[in-house]
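Chains, contacts and geometry: an overview
Below, each chain spelled out in residue letters.
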Amino acid sequence: MKQIGKELLERGMDLEFHWCSSDRDSLDALAIPSHQLAILDGTEPHVVDPSYPGAVDEIVNLGDYLDQTKLVPYKEEIISLRGSVKHQFAITYSSLRMAKLARDEEISCQEKALDYQCFHRLTGELFRQIFGQNNTWGEGIPKERHLFASALTPQGIIHYLPSLLEGITFLYSLEGDPGSGKEMILRELAEYAYRCGCTVDVYHCAFDPTRIDLVVLPERKTAVLNLFKELDFDPESLSGLKYCERIDCNTCLDVQLLTKFERELRESRELFNVCLQRALYYLKEARTYYQQMENYYRDAMDFDAVERRRKEVLERILKIIG
């Protein structure tokens, strides 16, 4: 997929690269939106069966180029490594569940101190800046996509914000602690923009997919970003920005009320950080075992045959897109 993507880019095609969260250098899917065409990795853990085999969808089975006789002697080692991968992933996900409990506890404490009058004023001013004073609902044909802008990977928290925000001229960065209202602003913004008939790209939080980290309004060249502290990103580093504003949602928190939860907040933050780092450690361990297992399969692949198949797939794509 990488090589096909590279050659299509050289031909000036507009592409989407969907990267793997378990390995930041691995590609899970390549899409050509203008032609509603995609190539994706349909193997475990994201198994995808064709809905209309032959008519619309096609399976490219690279297993045809695998020499099984080279794998049989290492059967026990492969089974053992596969078991180790599953074990490391189990610890990773249990650690993330514990981290989420700690984060939910922190949010619960913060929301008790949220000054909703202040919050609504802040939200209203932001919406007026984005949509103007006289915006009406029901105009245009709304479109909505749901994606991820970042991921928890063996290499830490990885994002592709410079690519996703390319062409954006108005950027609003929401700063503040979890529970300070950032999540509500992003959710309400996505819903409001959709009702206004906008195209809305909604990017969910990799840690908690029920929450939103980024809303992009391509037609307005506007984006609103949750600038959480674990995110290594400077909004002002983007080229082409005409306007960049940082909005501190912590100003909507009653500091006196927060002192009542000082211990709970400290403990929940410490627990979250410990559990998150534990999850990332075991995710890295899982990747190490997986790479060892991959080595056996790599040695058993006929890459010359794979390359010929790649060229055939590329040729078919070029015929489709003209």
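To start, this report covers the structure provided alongside it. This is a predicted model, so every value here is computed, not measured. (Residues numbered from 1 in each chain as written. Predicted model: local features only at pLDDT ≥ 70, side-chain atom pairs only at ≥ 80, totals over all residues. Heavy atoms only, no water.)

Some details on the nonpolar core
Judged by nonpolar contacts, the single largest core of 33 residues is most densely connected at Leu126, Ile130, Phe131, Leu174, Val200 and Val215. Put simply, the parts of the chain that give this core at least two residues each are α3 (116–131), β7 (170–175), α5 (182–195), β8 (199–204) and β9 (212–217). Per-element accounting of this core gives the leading share, seven residues, to α3. The residues touching Val215, leaving out its near neighbours within four places in the chain, are Leu186, Leu189, Ala190, Val200, Asp201, Thr222, Ala223 and Val224. One finds Ala149, Leu171, Leu214 and Phe228 within the second-largest nonpolar core, a separate group that totals 16 residues. (Core = buried A, V, L, I, M, F, W, Y, C linked by side-chain atoms within 4.5 Å. Buried < 20%, exposed > 50% of the residue type's maximum accessible area, 1.4 Å probe, protein only. Helix = DSSP H or I, 4+ residues; strand = E, 2+ residues; numbered from the N terminus. Contact = heavy atoms within 4.5 Å.)

Things to note about the layout of surface pockets
In this model, the second largest pocket occupies a volume close to 470 Å³. Secondary-structure elements contributing two or more residues to the lining of the second largest pocket are α2 (75–112), β5 (150–153), α5, β9 and α7 (262–299). No other element matches the five residues that α2 contributes to the lining of the second largest pocket. When grouped by side-chain class, the residues that make up the lining of the second largest pocket number twelve nonpolar, four polar and 14 charged. (1 Å grid on protein atoms, 1.4 Å probe; cavity = no way out; pocket = protein on both sides within 12 Å on 5 of 7 lines; lining within 4 Å. Points joined across faces, edges and corners; volume = space filled by probe spheres on them. Nonpolar A, V, L, I, M, F, W, Y, C, P; charged D, E, K, R; others polar.)

Thoughts on the sheet that holds strand β11 (residues 243–248)
On the basis of which strands lie adjacent, the open sheet formed by six strands has the order β4-β8-β9-β10-β7-β11 and mixed pairing. Lying at the two open borders of the sheet, with one neighbouring strand each, are β4 (143–148) and β11. Direction aside, neighbouring strands of the sheet carry axes that sit 15° apart on average. On the sheet, α3 packs against β7, β9, β10 (222–226) and β11 and is oriented at approximately 170° with respect to β11. Each of β4, β7, β8, β9 and β10 is contacted by α5, which is oriented at about 30° to β9, the strand it contacts most. (Pairing = 2+ DSSP bridges. Axes fitted to C-alpha atoms, helices over the stretch in contact; angles between N-to-C directions.)

Digging into the pattern of salt bridges
This structure, assessed with the given rule, holds 21 salt bridges. With a closest N to O distance of 3.6 Å, Arg269 and Asp177 form a salt bridge. With Arg269 in helix α7 and Asp177 in the loop between β7 and α5, the pair connects residues that are 92 residues apart, well separated along the chain. With relative accessibility at 26%, the residue Asp177 sits in the partly exposed group. Of the charged contacts in the structure, one is a salt bridge between Arg211 and Asp208, with a shortest N-O distance of 3.3 Å. Judged by its relative accessible area of 24%, Arg211 falls in the partly exposed class. Judged by its relative accessible area of 6%, Asp208 is buried. If you follow the salt bridges from partner to partner, you end up with Arg103, Glu106, Asp177, Glu230 and Arg269 in one network. (Salt bridge = Lys/Arg side-chain N within 4 Å of Asp/Glu carboxyl O.)

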